[in-house]
Amino acid sequence: MSYRPIISNVEEASNNEKDGLYEFIFYLADGTECRTFYDRYPAWKMTNITRLQKTPCPVCRKDFICRCMEGFRGTLQQQIDENQWLEKAIAK
């Protein structure tokens, strides 16, 4: 069975509103946490995503740095757009 990440919460970690740069923490349903970076101008665009080293990777099971979450950018972005997670995180 293939892995399918599901976002359960998004939290704003930091921002630079002047330049439109934001950092968010994605909490996934399986307990995985990811750090993502976004550029707001001209439209929201994910520039980078990495898994935080709190649990092993759900894809490759490595306990160290891997790039597996890069492959799920489209799935995560679709969930962000459908549920308006970024707007909710900024509003808090």
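A brief report on the enclosed structure follows. (Residues numbered from 1 in each chain as written. Predicted model: local features only at pLDDT ≥ 70, side-chain atom pairs only at ≥ 80, totals over all residues. Heavy atoms only, no water.)

**Points about the overall build of the protein**
Within the protein, the secondary structure is distributed over two helices and four strands. Scanning the protein from its N terminus toward the C terminus, one meets helices and strands in the order β-β-β-β-α-α. By the compact-globule yardstick of 12 Å for 92 residues, the protein fits well, its C-alpha radius of gyration being 13 Å. If one aligns the C-alpha atoms of the protein with their principal axes, the spans along those axes are about 40 × 25 × 20 Å. Going through the 92 residues of the protein one by one, you find that 35% of them count as buried. Considering the protein, the positive charge centre built from 13 side chains and the negative charge centre built from 13 side chains are found 5 Å apart. (Helix = DSSP H or I, 4+ residues; strand = E, 2+ residues; numbered from the N terminus. Rg over C-alpha atoms; globule rule 2.2 N^0.38 Å. Buried < 20%, exposed > 50% of the residue type's maximum accessible area, 1.4 Å probe, protein only. Lys, Arg positive; Asp, Glu negative; His and termini not counted. Charge placed at Lys NZ, Arg CZ, Asp CG, Glu CD.)

**A word on the packing of aromatic side chains**
Using the criterion set out here, one finds six aromatic pairs in the structure. With centroids separated by 6.0 Å and ring planes inclined at 10°, the aromatic side chains of Tyr22 and Phe24 adopt a geometry described as stacked. Of the residues examined, Tyr22 reaches a relative accessible area of 5% and is grouped as buried. Put simply, the rings of Tyr22, Phe24, Tyr38 and Trp44 touch in pairs and so form one group of aromatic residues. Residue placement shows Lys88 over the ring face of Trp85; its charged tip is 5.2 Å from the ring centre. (Phe/Tyr/Trp six-rings, centres within 6.5 Å; stacked < 30°, edge-to-face > 60°. Lys NZ or Arg CZ within 6 Å of the ring centre and 35° of its normal.)

**Remarks on the pattern of salt bridges**
One pass over the full model with this rule turns up four salt bridges. As a salt-bridge pair, Arg67 and Glu70 come within 3.3 Å of each other at their nearest N and O atoms. The class for Glu70 is partly exposed, based on a relative accessible area of 24%. (Salt bridge = Lys/Arg side-chain N within 4 Å of Asp/Glu carboxyl O.)

**Thoughts on the sheet that holds strand E4 (residues 45-51)**
Across the sheet, four strands lie side by side as E1-E2-E3-E4; this open sheet has antiparallel pairing. The outermost strands of the open sheet, each flanked by one partner alone, are strand E1 (7-16) and E4. Across the sheet, the mean angle separating the axes of adjacent strands is 25° when strand polarity is ignored. The sheet contact formed by strand E2 (residues 21-28) and strand E3 (residues 33-39) spans seven bridges and is antiparallel. When the bridges of E3 are listed, Ile25 appears paired with Arg35. This element, helix H1 (residues 73-83), spans E1, E2, E3 and E4 of the sheet and lies at about 115° to E4. (Pairing = 2+ DSSP bridges. Axes fitted to C-alpha atoms, helices over the stretch in contact; angles between N-to-C directions. Contact = heavy atoms within 4.5 Å.)

By themselves, these observations are geometric and do not establish any function.
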